[in-house]
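These are the residues of each chain, in order.
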Amino acid sequence: MKAALVLGLAALTLLTPAATSALSVQEAILLAKPAVALVTAEVRGEVTLNCGRGTVTVRPTPFIETGTGWFIDGKGYLVTNAHVVEPAHRLPPWVIHELKKKAIDQACVDPALRAQGLMRGQRPDVEDSIRRDATVRAMATAQVTPQPLLSVLLSSGVSLKADVVKFSPPLAFDLNGKPSPDAGRDLALVRVKDDVYPAIRLSDREAQIGDPVHIIGFPGVVLSHELLNKSATLEASVTNGAVSGFKQDSIGQDIVQTDAAAAHGNSGGPAVGDDAALLGVMTFTTLTPSGGAIVQGFNFLIPARDVKKFLAGTPVMPGQSKFNDAWQAGLDALFAERYATAVTRLAEANALQPNLADVRRVFAEAQERLKNPPPRPFPWAWATLGVTALSVGVYGGMFGRRWWKNRFRIQPAQVIAAIESGRNPQLVDVRTKTDFETSPLRLPGAVRLDPDAVLAGQPEAEPSAEREQLVVVYDTSPAEATAEKVAQALRARGFKNVRILKGGLGGWTNARLPVESKSHLPSIGLEIYKNLTLGDLERRKFRPGELIVKEGDDPRGEAFVVHAGTVQIRRTFDGVEKLLSTLGEGELFGELALFRSAPRSADVVAATEVELLVLKTERLDWLIRNRPQLTAEVVRRLANWVVQTDRERALSNR
C-alpha cells in the first residue's frame, strides 16, 4: 500500500509542470544576500541597590540578543522578528530581573567574599548563603536605569543604530499554555540612517508545496564557532530546502512549513525563492521532544502576504532600491560572460554601498575574468539541471500525537516564571537509581523520589505537597519516559497539577539555569559536570594505593576528573617523598602537563577506591575556549596554587 502511494505521488510529481525561473539558484541567492544584516538587541544598565552597607551603583554585564534582518527597501527600512528586538524595544521584566541578579553578584556577593578572604567558587556554601541574603535584602529595592540599544551590522562591517517604527508582538503563552492577549505576527519594522541599501522584493504569488526555499541568516552556531575567522562570520549563511506544508499557529495565523534548515540566530531572516523574491520570514523552529536540539525539516515562515499587510500604512516601498538595479545588471552581465559590462555595473553597486561581502567577492571575480577570460567549454550552462524535492506527508496526525504527548509538559522558562510569580512549585527528581548515582547534579531545592517505589504504589513514595500545588517531575531518560510514568501515577493518587519538565535535567542545564550538586562539589567540578555528557566519556577505576600518574611520564593528551573517591598528589624532593595535596570528587588534575606540553610533574596515587573521568586534550581545549565560567574557575585555581607556592617558598627561606 505504501509503495503504491509513493509511486502514485511520484507520477503526479512528474506530470505536474515545474515552476520555471529565469534565474539560476546561485543568481537568486546572490541577488538577495547583500540585503541581509545582523540585528543585535543589547540592554545595558545602571543598577542602584543597597547590600546593607549603603547605596551603590554598578554596571552589570549587558543582556544581548541577536537575530537576522533584511532591507525591505533601499531607504533604510528593515524587517525582522518582533522577538529579536523585543528586549531593547519593550524591556521585558525578565531582562530587568537578569540585570538585577548580575548586579547583586557584582555589588553584594563579591565584596562580601573578599571581606572574608574568599574568591568565587572557593566556598560554595558561604557564597550561596551570601547570595541568598543579598537577594532578599537588595532585589526588591534595586533600581535599574536601562540603556537599550538596537543595532544593525552590515556584511561590510558597518554598524548602524536602529529604531523600531512598527511592532507586532510575538506569540507568548501563560503557565496554562494559552496565548497571551497581545500575541501578534512577530514582526518588527526598524529604521537606520538614510543611505542607499540593497533590498528584497516581496513575492506576488502564493507559495506552493515543493517550491524551492533558501533561508538566509546568521545562525548562532556559525557566529560562535571556534574554528571560524570572526570577520568571516559577518557574511550571512544560506540553507536550502522546499515548502513542505501549510499550518496555522496557536491563534489561527497562517504559517508556511519548510524543510530548509534553520537555527537560533536565523529568526527574522528572509526565505526567498528561485526568483530572489521573499516567500516568507523565518519565525520559529521545532525542538526535539527532549527540548535539547533543533529538528531540521520542521521550520516555519510568516508568509509574504502577511508581511505586506504588516507594512500597510508605512512609507516603505518593497524592493525599491538604486543599488538593486546596478547589482542585478552586474550579475546578469557576469553570468552572460560579458565581463567588461559586469565590472562597470558591479563597481556602481560597490560605490553605492561599499565593501558588502558578496559585492566585494563577485567584483573581484569579474575583474579576474576580464583580465584572464576562462576557456569556453561545452555549453553545459544551457542544459537544465533539475532538482525536484518531493515533500509529501500527512502532518495532522503527527501534530495531534505531539500535542497529546506534550499536554502535561512544561518548559524550564515556565518553571522559572512560576517560581517568580510565587506559585512555589515542588521540583521532584525521579531519575532511575543508576542515572541518579551517575550524575552529581540536581535542580535547586528538588526532592528525590524513587520512581520504582512510586510506580509500585508505596504510600510514602509521593511528594510532600498539597494536592492542588504545582508539582514538576524531571529525569534524564529519553523523551522523559520515566517522568511521564511517574506523573501519571501521581495524578492517579490525586495530585491535580503534575507537570513533566520538558528536556529533563539536560533541558534545564542547556537553558543555562542554575543547578545544585548532590554533594559538596568544588565550583570547578560543578562547571565541568554541567558541560559534559557522562555517557560518552571514558572512565577508569583504581584500587587504593594504585599508581595513576607517574612523575616524568608523557601525559598522552589526558587530564582527569575525580568522579568518586580521593587521590593523593605526591612528589619526591631530595630523595624524600612528600604529600602535596589530596583531591576529592569533582577535582580536576593532570591539566597542567597539557597546558605546558610537558611531562607529568608529580605522582598521583589512589587513596581510596577511585573512579576517574578522562578528558582528552581536544575536549578540554574546547571547554576552555567555549565555557567562560569554567575557564574562570581554572584560572582561579591556578592563581591559588601560585599564591600558595609563593607562601611556602617564603616560609622555607626563613
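As the structure is a prediction and not an experimental result, all values here were calculated from the model.

## Focus: the overall build of the chain
Line of reasoning, step 1. When you go through the chain residue by residue, the secondary structure sums to 20 helices and 29 strands.
Line of reasoning, step 2. Out of the 654 residues belonging to the chain, those deemed buried represent 45%.
Line of reasoning, step 3. Long-range contacts, defined as pairs at least 24 residues apart, comprise 73% of the intrachain contacts of the chain with a sequence gap of at least 6.
Line of reasoning, step 4. Looking at the chain as shown, the accessible area adds up to about 33,300 Å², and 55% of this sits on carbon and sulfur atoms.

## Here we look at the sheet that holds strand E24 (residues 558-564)
Line of reasoning, step 1. Read from one edge to the other, the open sheet built from 4 strands follows the order E22-E29-E24-E27, with strand pairing classed as antiparallel. Of all the strands in the sheet, just strand E22 (539-542) and strand E27 (588-589) have a single pairing partner and so form its edges.
Line of reasoning, step 2. Sheet topology note: the E24/E27 ladder contains 2 bridges and is antiparallel. In the strand pairing of E27, Val 561 is matched with Leu 588.

## Focus on the nonpolar core
Line of reasoning, step 1. Judged by nonpolar contacts, the single largest core of 64 residues is most densely connected at Trp 70, Ile 72 and Trp 327.
Line of reasoning, step 2. Looking at this core element by element, the count peaks at 6 residues for helix H8 (residues 322-335).
Line of reasoning, step 3. By size, the runner-up hydrophobic cluster in this structure holds 32 residues, among which are Val 415, Leu 427, Leu 443 and Ile 528.

## Observations concerning the packing of H8 against helix H9 (residues 339-352)
Line of reasoning, step 1. It is the contact of H8 with H9, at a shortest axis distance of 8 Å, that shows an interaxial angle of 155 degrees. Relative to H9, the element H8 lies roughly antiparallel. You can see that H8 and H9 cross each other, and the crossing is left-handed. Contacts between H8 and H9 pair Lys 322, Phe 323, Asp 325, Ala 326, Trp 327, Ala 329, Gly 330, Leu 331, Ala 333 and Leu 334 from the former with Tyr 339, Thr 341, Ala 342, Arg 345, Leu 346, Glu 348, Ala 349 and Leu 352 from the latter.

## Side note on the sheet that holds strand E18 (residues 447-448)
Note on sheets: strands pair through backbone hydrogen bonds, and any given pair is parallel or antiparallel.
Line of reasoning, step 1. As summarised here, the arrangement of the 5 strands in space is E15-E20-E19-E16-E18, forming an open sheet in which the pairing is parallel. Strands at the two margins of the open sheet, each flanked by one partner only, are strand E15 (409-410) and E18.
Line of reasoning, step 2. Where E15 meets strand E20 (residues 498-501), 2 bridges bridge the pair, whose relative direction is parallel. If you follow Arg 409 over to E20, its bridge partner there is Ile 500.
Line of reasoning, step 3. Against the sheet, helix H15 (residues 481-492) contacts E15, strand E19 (471-474) and E20, and its axis sits at roughly 175 degrees relative to E20.

## Details of H9
Each full turn of the α-helix corresponds to 3.6 residues, which orients residues three or four apart in the same direction.
Line of reasoning, step 1. With 14 residues, H9 extends 20 Å between its outermost C-alpha atoms, agreeing within 8% with the 20 Å of an ideal straight helix rising 1.5 Å per residue.
Line of reasoning, step 2. Those residues of H9 that are buried are in contact with H8 and helix H10 (357-371).

## A look at a nonpolar patch on the surface
Line of reasoning, step 1. A contiguous nonpolar surface patch, about 250 Å² in accessible area, is contributed by Leu 592, Phe 595 and Trp 641.
Line of reasoning, step 2. Assignment of secondary structure puts Phe 595 in helix H18 (residues 591-596).
Line of reasoning, step 3. In this structure Phe 595 comes out as partly exposed when scored by relative accessible area, which is 39%.

## Description of the pattern of salt bridges
Line of reasoning, step 1. All told, the structure shown has 44 salt bridges when counted by the stated rule.
Line of reasoning, step 2. Salt-bridge contacts for Lys 309 lead to Asp 306; the nearest nitrogen and oxygen are separated by 4.0 Å. Placement of the pair is Lys 309 and Asp 306 together in helix H7 (residues 304-310), with a separation of 3 residues, close to one helical turn.
Line of reasoning, step 3. Here the residues in one salt-bridge network are Asp 105, Asp 110, Arg 120, Glu 127, Asp 128 and Arg 131, joined through shared partners.

## Focus on the packing of helix H2 (residues 25-32) against H8
Any two packed helices are characterised by the angle at which their axes cross and by the distance between the axes.
Line of reasoning, step 1. Where H2 contacts H8, the axes come no closer than 10 Å and their chain directions differ by 155 degrees. Here H2 lies roughly antiparallel to H8, going by the angle between them. Considering how the two elements wind past one another, H2 and H8 form a crossing that is right-handed. On H8, the residues that touch Gln 26, Glu 27, Leu 30 and Leu 31 of H2 are Trp 327, Gln 328, Leu 331, Asp 332 and Phe 335.
Line of reasoning, step 2. Here the contact of H2 with H8 is built from residues that sort into 5 nonpolar, 2 polar and 2 charged.

## Focus: the state of the cysteines
Line of reasoning, step 1. A complete count under the given rule lists 1 disulfide for this structure.
Line of reasoning, step 2. Paired through a disulfide, Cys 51 and Cys 108 show a sulfur-sulfur distance of 1.8 Å. An S-S torsion of about -70 degrees defines the bridge between Cys 51 and Cys 108 as left-handed. Residue Cys 51 is located in the loop between strand E1 (36-50) and strand E2 (55-58), and its partner Cys 108 is located in helix H4 (residues 93-115); the two are separated by 57 residues in the primary sequence. One exposure class covers both Cys 51 and Cys 108, and it is buried.

## Considerations on the pairing of strand E5 (residues 143-153)
Line of reasoning, step 1. Of the strand pairs in this sheet, E1 and E5 are connected by 11 bridges, and their pairing is antiparallel. Across the sheet, Val 39 pairs through a bridge with Val 152, a residue of E5.
Line of reasoning, step 2. Here 3 bridges tie E5 to strand E6 (residues 159-161), and the two strands are oriented antiparallel to one another. Looking across to E6, one finds that Val 152 is bridged to Leu 160.
Line of reasoning, step 3. Linking two consecutive strands that pair antiparallel, namely E5 and E6, is a turn of 5 residues; a positive phi of about 95 degrees is found at Gly 157 within it.

## What about the side chain of Glu 611?
Line of reasoning, step 1. In this structure, Glu 611 sits in strand E29 (residues 610-616).
Line of reasoning, step 2. For Glu 611, a relative accessible area of 15% corresponds to the buried category.
Line of reasoning, step 3. What Glu 611 contacts, discounting residues up to four positions off in sequence, is Arg 539, Arg 540, Lys 541, Val 561, Val 562, His 563 and Ala 564.

## Brief notes about helix H19 (residues 617-626)
Line of reasoning, step 1. By the burial criterion, the buried members of H19 are Leu 620, Leu 623 and Asn 626. Down the axis of H19, the buried side of the element spans an arc of 150 degrees, and every buried residue falls inside it. For H19, the exposed residues set more than 90 degrees away from the buried face come down to Glu 618 and Arg 625.

## Some thoughts on the pairing of E20
Line of reasoning, step 1. Along E20, one buried face is formed by Val 498 and Ile 500 and the opposite face, lined by Arg 499 and Leu 501, is buried too.
Line of reasoning, step 2. Sheet topology note: the E19/E20 ladder contains 3 bridges and is parallel. Bridging across to E20, Val 472 finds its partner in Arg 499.
Line of reasoning, step 3. Considered for its hand, the β-α-β crossover made up of E19, H15 and E20 is right-handed.

So, how was this worked out
Once a new chain begins, its residue numbering starts again from 1 and follows that chain's sequence as written. Residue-level local features of this predicted model are given only where pLDDT is at least 70; pairs of side-chain atoms are given and counted only at 80 or more, and the full residue set underlies all totals for whole chains, interfaces and linings. The side-chain quantities take in all heavy atoms of the structure and omit both hydrogens and water. Counting from the N terminus, the helices are the DSSP runs of H or I reaching at least four residues and the strands are the DSSP runs of E reaching at least two. Only protein chains enter the area calculation, which uses a 1.4 Å probe; residues under 20% of their type maximum are buried, those over 50% are exposed, and those in between are partly exposed. A contact between two residues is defined here by any heavy atoms of the two lying within 4.5 Å. Per-residue accessibility takes into account occlusion by the displayed protein chains alone, with areas from the Shrake-Rupley method and a 1.4 Å probe. The pairing criterion for strands is at least two bridges between them, as found by DSSP. To qualify as a nonpolar core, a set must consist of buried Ala, Val, Leu, Ile, Met, Phe, Trp, Tyr and Cys residues joined through side-chain atoms within 4.5 Å. Orientation is described by axes fitted as lines to C-alpha atoms, over the contacting stretch for helices, and by angles from 0 to 180 degrees between their N-to-C directions. The scheme is simple: roughly parallel for angles under 35 degrees, roughly antiparallel for over 145, roughly perpendicular for 65 to 115, oblique for anything else. Crossings are sorted by hand: turned counterclockwise from the far helix by less than a right angle, the near helix makes the crossing left-handed, and turned clockwise it makes it right-handed. Given a helix with a known number of residues, its expected span is that number minus one, times 1.5 Å. Exposure above 30% relative accessible area and the lack of any salt bridge qualify a residue for a patch; like charges then connect within 9 Å, and the nonpolar side chains Val, Leu, Ile, Met, Phe, Trp and Tyr within 5 Å. Basic side-chain nitrogens of Lys or Arg form a salt bridge, by our definition, when they fall within 4 Å of a carboxyl oxygen of Asp or Glu. Three classes are used: nonpolar for Ala, Val, Leu, Ile, Met, Phe, Trp, Tyr, Cys and Pro, charged for Asp, Glu, Lys and Arg, and polar for all others, with Gly counted as polar. Disulfide: a pair of cysteine sulfur atoms within 2.5 Å of each other. Arc, as used here, means the arc of the directions from the helix axis to the C-beta atoms. Looking down the strands as they point away from the viewer, one classifies a crossover as right-handed if the path from the first strand across the helix to the second runs clockwise.

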